[in-house]
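If you want the building blocks of each chain, they are given just below.
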Amino acid sequence: MLDLLLPQRCVVCGCGGKQLCAACRDELPRIEPPLCARCGAPTAWPVERCRECAGRRLAFASARAAVGYDAAARRLVHAWKERGLRRLAAEAAQLVAERVPAPEVDALTFVPADRRRRRERGHNPAERLAVELAAAWELPCLPLLERTRGGRQRGSSAFERRTVRGAFRATRGMPRRVAVVDDVYTTGATAAASASALRAAGARRVEAVAFARALRRR
Ligand SMILES: [Zn+2]
Ligand SMILES: [Zn+2]
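All of these numbers come straight from a predicted model, not from anything done at the bench.

(A) A look at helix 6 (residues 125-137). Here helix 6 spans 18 Å end to end across 13 residues, near enough to the 18 Å set by a 1.5 Å rise per residue. Two or three places before Ala126, at the opening of helix 6, Asn124 has a side-chain oxygen 3.1 Å from that residue's backbone nitrogen. Within two residues after helix 6, Glu138 carries a phi angle of roughly 55°, on the positive side.

(B) Seen up close, helix 3 (residues 71-82). If you check helix 3, its first and last C-alpha atoms are 16 Å apart, about what 12 residues at 1.5 Å a residue would give, namely 16 Å. Looking at helix 3, one finds that the buried residues are Ala72, Ala73, Leu76, Val77, Ala79, Trp80 and Lys81. Considering only its buried residues, helix 3 is in contact with strand 1 (62-68), helix 4 (86-99), helix 5 (115-121), helix 6, strand 5 (177-185) and strand 6 (205-213). Within two residues after helix 3, Gly84 carries a phi angle of roughly 65°, on the positive side.

(C) Structural detail: the coordination of the zinc ion (ligand 1). Protein-derived coordination of the zinc ion (ligand 1) comes from Cys10 (SG), Cys13 (SG), Cys21 (SG) and Cys24 (SG), at a distance range of 2.3 Å. Around the zinc ion (ligand 1), the four donor atoms sit at angles spanning 102 to 116°, and that spread fits a shape best called tetrahedral. If you list the donors of the zinc ion (ligand 1) from N- to C-terminus, the spacing comes out as C-x2-C-x7-C-x2-C. Here Cys10, found in the loop between helix 1 (2-5) and helix 2 (22-27), pairs with Cys24, found in helix 2; they are 14 residues apart in sequence, far enough to count as distant. On the basis of relative accessibility, which here comes to 3%, the residue Cys10 falls in the buried class.

The rules behind each value
- Residues numbered from 1 in each chain as written.
- Chains lettered and ligands numbered in written order.
- Predicted model: local features only at pLDDT ≥ 70, side-chain atom pairs only at ≥ 80, totals over all residues.
- Heavy atoms only, no water.
- Helix = DSSP H or I, 4+ residues; strand = E, 2+ residues; numbered from the N terminus.
- Expected span 1.5 Å × (residues − 1).
- Polar contact = N/O pair within 3.5 Å; in protein donor to acceptor, adjacent residues only side chain to side chain.
- Buried < 20%, exposed > 50% of the residue type's maximum accessible area, 1.4 Å probe, protein only.
- Contact = heavy atoms within 4.5 Å.
- Donors = N, O, S within 2.8 Å, 3.2 Å for Na, K, Ca; no water.
- Tetrahedral: all angles 85-135°; square planar, octahedral: opposite > 155°, others 65-115°.

Rendered as structure tokens:
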């Protein structure tokens, strides 16, 4: 509701008009092929595995995202997550649908928020994105995952890797092929942990989809 009443300003540049102005939308760094087939990192030529994911056990078959997680994408995600600007979830979904081919899956699901964050924010950004994407791709969106413990999940780094392993459990009857949606793909640890929970519960193939992806300097 607040969304409709507040004067609209671009969350990236601050100009009046829309929550994401056309210029800032255009400038978001789209992730372009060639990509690593597995983790979706941009690469010099198409590869099955790249420096970023080589040797890692990743339970997802592939991970894809729409834009690089640069300063502008960060501001957008922050406004969407922390200020609860719902319209931005629709914008993010549209950007994903433009850039990422619809995964060949039976259903979408999303990375669950931990309870404290969900309470603070009143919404789960990953869930909103998944719902919007499910509509765009004409797929069902099912809540298939839950957190097993306080399992906090923070931006990047070794901290994320340590805390997310085993942080999820799948909740009910599992489609064969599932895509798990998150707002940002950082190290891939969250995507891998959710994919492994989905597979442990019977999914044969899991794809990961995110709005933005952290890009390593090459
Ligand atoms: Zn702008
Ligand atoms: Zn890779």
